Amino acid sequence: MSGLPVELIVGIVVAVFVVVGGLVAFIKGRRRSDWDALDDSGPSELLPAEKAKASSTTAVSPKPKTPAEQNEGGVFKRLVAGLARTRGQVVERLDTLFSGGKKVDDALWQELEELLITSDVGVRATHGLLDRMKARAAKEELEDAARLRTILREEVLDVLNRRVTRLPMSGPDGTPLVVMVVGVNGAGKTTTIGKLAARATGQGKKVLIGAGDTFRAAAIEQVVVWGKRAGAEVVRHEAGSDPAAVSHDAVTAGLARGADLVIVDTAGRLHTKSDLMAELGKVHRVIKKVQPAAPHEVLLVLDSTNGQNAIAQAKQFAEAVGVTAIALTKLDGTARGGVIIAIAEELEIPVALIGIGEGMDDLRDFDPEAFVAALFDGDASALGRGSNSAAEAANDERRGIAAEEAVGSSSAQG
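Below is a summary of the structure that appears in this document.

About the cut-offs
Residues numbered from 1 in each chain as written. Predicted model: local features only at pLDDT ≥ 70, side-chain atom pairs only at ≥ 80, totals over all residues. Heavy atoms only, no water. Helix = DSSP H or I, 4+ residues; strand = E, 2+ residues; numbered from the N terminus. Areas by Shrake-Rupley, 256 points an atom, 1.4 Å probe, with all protein chains shown as cover. Buried < 20%, exposed > 50% of the residue type's maximum accessible area, 1.4 Å probe, protein only. Pairing = 2+ DSSP bridges. Axes fitted to C-alpha atoms, helices over the stretch in contact; angles between N-to-C directions. Expected span 1.5 Å × (residues − 1). Contact = heavy atoms within 4.5 Å. Phe/Tyr/Trp six-rings, centres within 6.5 Å; stacked < 30°, edge-to-face > 60°. Lys NZ or Arg CZ within 6 Å of the ring centre and 35° of its normal. Parallel < 35°, antiparallel > 145°, perpendicular 65-115°, else oblique. Left-handed = near helix turned anticlockwise from the far one by under 90°. Nonpolar A, V, L, I, M, F, W, Y, C, P; charged D, E, K, R; others polar. Patch = residues over 30% accessible without salt bridge, like charges linked within 9 Å, V, L, I, M, F, W, Y side chains within 5 Å. Salt bridge = Lys/Arg side-chain N within 4 Å of Asp/Glu carboxyl O. Lys, Arg positive; Asp, Glu negative; His and termini not counted. Charge placed at Lys NZ, Arg CZ, Asp CG, Glu CD.

### Comments concerning the overall build of the chain
Consideration 1: Looking only at helices and strands, the chain has 17 helices and eight strands in total.
Consideration 2: Summing over all exposed atoms, the chain offers an accessible surface of approximately 20,600 Å²; the carbon and sulfur share of this is 54%.

### What to know about the pairing of strand β1 (residues 177–182)
A regular strand places its side chains so that they alternate between the two faces of the sheet.
Consideration 1: Taking burial as the measure, the six residues of β1 include six buried ones, the bulk of the element.
Consideration 2: Here β1 shows no split at all, with Leu177, Val179 and Val181 on one side and Val178, Met180 and Val182 on the other all buried.
Consideration 3: Of the pairings in the sheet, the one linking β1 to strand β4 (residues 261–264) comprises four bridges and is parallel in character. Its bridge partner being in β4, valine 178 is matched across the sheet by valine 262.

### Concerning the sheet that holds β1
Consideration 1: One open sheet holds the eight strands; their spatial order is β3-β2-β4-β1-β5-β6-β7-β8, and the pairing between them is mixed. Looking at strand neighbours, the two that pair on one side only are β3 (233–235) and β8 (363–365), the edges of this open sheet. Strand after strand, the sheet turns through a mean of 25° between neighbouring axes, direction not considered.
Consideration 2: Sheet analysis places β1 next to strand β5 (residues 297–303), joined by four bridges and oriented parallel. What sits directly across from methionine 180, in β5, is valine 298.

### Quick word on helix α7 (residues 123–140)
Residues spaced three or four apart along an α-helix point in a common direction, a consequence of the helix completing one turn every 3.6 residues.
Consideration 1: For α7, with 18 residues, the first-to-last C-alpha span of 26 Å sits near the 26 Å given by 1.5 Å per residue.
Consideration 2: On the buried face of α7, the contacting elements are α6 (106–117), α8 (146–161) and α14 (339–347).
Consideration 3: Once α7 ends, the next one or two residues include glutamate 141, with phi positive near 55°.

### Observations concerning the packing of aromatic side chains
The geometry of two aromatic rings is summed up by the distance between their centres and the angle between their planes.
Consideration 1: Tallying each qualifying case throughout the model produces one aromatic pair.
Consideration 2: Over the ring of tryptophan 226 we find arginine 229; its NZ or CZ atom is 4.8 Å from the centre of that ring.

### Considerations on the packing of helix α11 (residues 243–256) against helix α12 (residues 274–290)
Consideration 1: Look at α11 against α12: their axes get within 9 Å of each other, and the N-to-C directions meet at 25°. For the element pair α11 / α12, the angle class is roughly parallel. Along this stretch, α11 crosses α12, giving a crossing that reads as right-handed. Taken together, the residues of α12 that come into contact with α11 (itself represented by Pro243, Ala244, Ser247, His248, Val251, Thr252 and Leu255) are Glu279, Lys282, Val283, Val286, Ile287 and Val290.
Consideration 2: By residue class, the composition of the contact of α11 with α12 is eight nonpolar, three polar and two charged.

### As for a negative patch on the surface
Consideration 1: There is a patch of like negative charges on the surface, built from Asp105, Asp106, Glu111 and Glu114.
Consideration 2: If you trace the backbone, aspartate 105 turns up in the loop between α5 (84–98) and α6.
Consideration 3: On the basis of relative accessible area, aspartate 105 is assigned to the partly exposed category, the value being 36%.

### Re the packing of α7 against α8
Between two packed helices, the angle of one axis relative to the other and the distance separating the axes together describe the packing.
Consideration 1: Two elements in contact, α7 and α8, have axes separated by 10 Å at closest approach and are oriented at 135°. Judged by the angle between their axes, α7 and α8 are oblique. Crossing geometry of α7 relative to α8 is assigned as right-handed. Two secondary-structure elements touch here, α7 through Leu129, Arg132, Met133, Arg136, Ala137 and Glu140 and α8 through Arg147, Leu148, Ile151, Leu152, Glu154, Glu155, Val156 and Val159.
Consideration 2: Grouping the constituent residues of the contact of α7 with α8 by class yields eight nonpolar, no polar and six charged.

### Topic: the side chain of threonine 126
Consideration 1: Of note, threonine 126 is situated in helix α7.
Consideration 2: Since its relative accessible area comes to 0%, threonine 126 is described here as buried.
Consideration 3: Apart from the residues within four sequence positions on either side, threonine 126 is in contact with Glu113, Leu116, Ile117 and Val121.

### Looking at the pattern of salt bridges
Oppositely charged side chains can form a pair if their charged atoms are brought close together.
Consideration 1: Scanning the model with the defined rule gives 20 salt bridges in all.
Consideration 2: In this structure, lysine 189 engages aspartate 213 in a salt bridge whose closest nitrogen and oxygen atoms are separated by 3.8 Å. With a gap of 24 residues between them, lysine 189 in helix α9 (residues 189–202) and aspartate 213 in the loop between β2 (207–210) and α10 (219–230) connect regions that are remote in the sequence.
Consideration 3: The exposure class of aspartate 213 is buried, given its relative accessible area of 2%.
Consideration 4: The partner of lysine 189 in a salt bridge is aspartate 265, with the nearest N and O atoms 2.8 Å apart. Separated by 76 residues along the polypeptide, lysine 189 in helix α9 and aspartate 265 in the loop between β4 and α12 bring together distant segments of the chain. Considered together, lysine 189 and aspartate 265 belong to a single accessibility category, that of buried residues.
Consideration 5: A network of salt bridges, in which partner residues are shared, links Arg132, Arg136, Glu154, Glu155 and Glu345.

Shown next, in the form of structure tokens:
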């Protein structure tokens, strides 16, 4: 090799080192992967059979809960759990604020004001509550702050009692009660419609649903499935049709077929879009042309987890179509239930319904006393049993609803 150029000799040496290094790395990686691939779940080759059997451990998966087991505990208990976030933000902090023999002074009132405002109770509602609390504290000549907790509880209950309503299930003079349902996508609007229809049919009422959300993917199919679950008729058009035309046909059909209740679904796109609010106004006017007294109720569905955003939505919808009642959903999750106080005090729109689960029976009349007990006292008294989406899906076969229909309905919550 003495006659070879120096550059060539150096290149050969480098190449040899590269090849050797690659082989070593491959062998090490191969051995590691072989160890990783070993199945050590069988008997040991080093221990006797009995000892190997005794030394082996097998992970046992927990037995899946049945729908009935999943739904253990009362509806009220689930409401308590759903309000856990609000309790953490408000009540537990109130307990700290009012404890330790603190005096009722300006500093305490300022702390209470900040606590309520930052807990989704809202500025206007907070100031209203504080004004009334201060008046009562002065009248009672309070010095110990502990009494203020009871006063606050009583004032909140009073606010809610003045802003509660009940939805009727049939209209006047034998004509259908027409309920126009509005709300943004994702608030639980369409599922609330299904639950409301199930409640009415359970009372022996004839119900018709207008699938007026013609733009959202799978919205029409979702309404059809809920209609089958509830035993209600559904009037539908093709996707992309004019929502006002669907509403017109639904109310017309309700009159012709002697329905007790007509529920009109509507599009739920962003409430900040003025043209979409104008569209809802058009639906409202078309309904009134068919049945002059209708819609008898405009039900706004709000997601309780949205906090102050729910207030902004309520204002927009109230201006567009004159909301008469509110259904507050998702109180079974990490709800921000303080927003109910703000809605009642600031908007003066009564709360009619609350959603505490995903089953057909999980739409309940709003009970202020129960709500305050859950919020302030953590009362887990049972008022009944709820359900969930899995349980409802499991019942679809019994109801005669095809699996593909049920899948389509769950693909887009409205």
